[in-house]
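# Observations on the model geometry
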Amino acid sequence: MGENTYGALIRQLLHEQINRDVAIGALYSTLERLEQKSLVSSALGVSTAACGGRAKRYFTVSIKGQAALKRSRDAMDNLWSGVSICCMGEL
């Protein structure tokens, strides 16, 4: 999503892409854990009146995080490569 990605935008994307509402507190807890593992980094923006005088925290996926995402996607692709659509109804 780029460098100017903040919690509410991530939450909106999750809702649009996977039709799932995520509590903002749960999202920020997850982002903090990812930051502790150096998978994302964050920086505070400028405080604005639109945010009630508070600064937004912007998140960026690190190089290490991008590599982890690629490994996860490759693992999921590998897992699903042997599944036939015709078998899905039998699950």
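The text that follows walks through the structure, step by step, so that each part is easy to find. (Residues numbered from 1 in each chain as written. Predicted model: local features only at pLDDT ≥ 70, side-chain atom pairs only at ≥ 80, totals over all residues. Heavy atoms only, no water.)

## Focus on a nonpolar patch on the surface
As a reminder, the rule being used: What makes a patch is a set of residues exposed beyond 30% relative accessible area and free of salt bridges, joined within 9 Å when like-charged and within 5 Å when nonpolar (Val, Leu, Ile, Met, Phe, Trp, Tyr). Residue-level accessible areas treat just the shown protein chains as cover; the underlying method is Shrake-Rupley with a 1.4 Å probe. One speaks of a salt bridge when a side-chain nitrogen belonging to Lys or Arg is within 4 Å of a carboxyl oxygen belonging to Asp or Glu. Numbering goes from the N terminus for both helices and strands, where a helix is a DSSP run of H or I of at least four residues and a strand is a run of E of at least two. Throughout this description, buried means an accessible area under 20% of the type-specific maximum (1.4 Å probe, protein chains only), exposed means over 50%, and partly exposed covers the range between.
A cluster of nonpolar side chains, namely Met76, Leu79, Trp80 and Val83, defines an oily patch on the protein surface of about 400 Å² accessible area. Structurally, Val83 can be placed in the segment after α3 (63-80). Residue classification places Val83 among the partly exposed residues on the basis of a relative accessible area of 36%.

## Structural notes on helix α1 (residues 7-18)
Here is the rule: A helix's residues, less one, multiplied by 1.5 Å, set its expected span.
Between its first and last C-alpha atoms α1 spans 16 Å; for 12 residues at 1.5 Å apiece the expected length is 16 Å, and the two agree. In the segment just after α1, Asn19 is the residue with positive phi, at about 50°.

## What to know about the nonpolar core
What counts here: Here, the term nonpolar core denotes a set of buried Ala, Val, Leu, Ile, Met, Phe, Trp, Tyr and Cys residues that are joined through side-chain atoms within 4.5 Å. In this analysis, two residues are considered to be in contact whenever any of their non-hydrogen atoms come within 4.5 Å of each other.
Ranked by size, the top nonpolar core spans 6 residues in total: Ile10, Val22, Leu27, Leu31, Val40 and Phe59. Leaving out residues up to four positions away in the same chain, Leu27 has contacts with Gly7, Ile10, Arg11, Leu14 and Val22.

## Regarding the environment of Leu34
Along the chain, Leu34 turns up in helix α2 (residues 24-36). With near-sequence residues (within four places) excluded, Leu34 lies in contact with Leu39 and Val40.

## A short note on the pattern of salt bridges
Across all of its chains, the model carries 2 salt bridges by this definition. Measuring nitrogen to oxygen at the nearest pair gives 2.8 Å for the salt bridge that ties Asp74 to Lys70. One end of the pair is Asp74 and the other is Lys70, both in helix α3 and 4 residues apart, which spans about a single turn. Given the relative accessible area of 52%, Lys70 is considered exposed. The shortest N-O distance in the salt bridge between Asp77 and Arg73 comes to 3.9 Å. One end of the pair is Asp77 and the other is Arg73, both in helix α3 and 4 residues apart, which spans about a single turn.

## Quick word on the side chain of Ser62
Here is the rule we go by: Counting of polar contacts relies on pairs of N or O atoms within 3.5 Å, with two restrictions inside protein: one atom must be capable of donating a hydrogen and the other of accepting it, and residues adjacent in sequence are counted only when both atoms are side-chain atoms.
Its place among the elements puts Ser62 in the loop between β3 (55-61) and α3. On the accessibility criterion, Ser62 (19% relative accessible area) is buried. Looking at Ser62, its side chain comes within polar contact range of the main-chain nitrogen of Gly65, at 3.0 Å.

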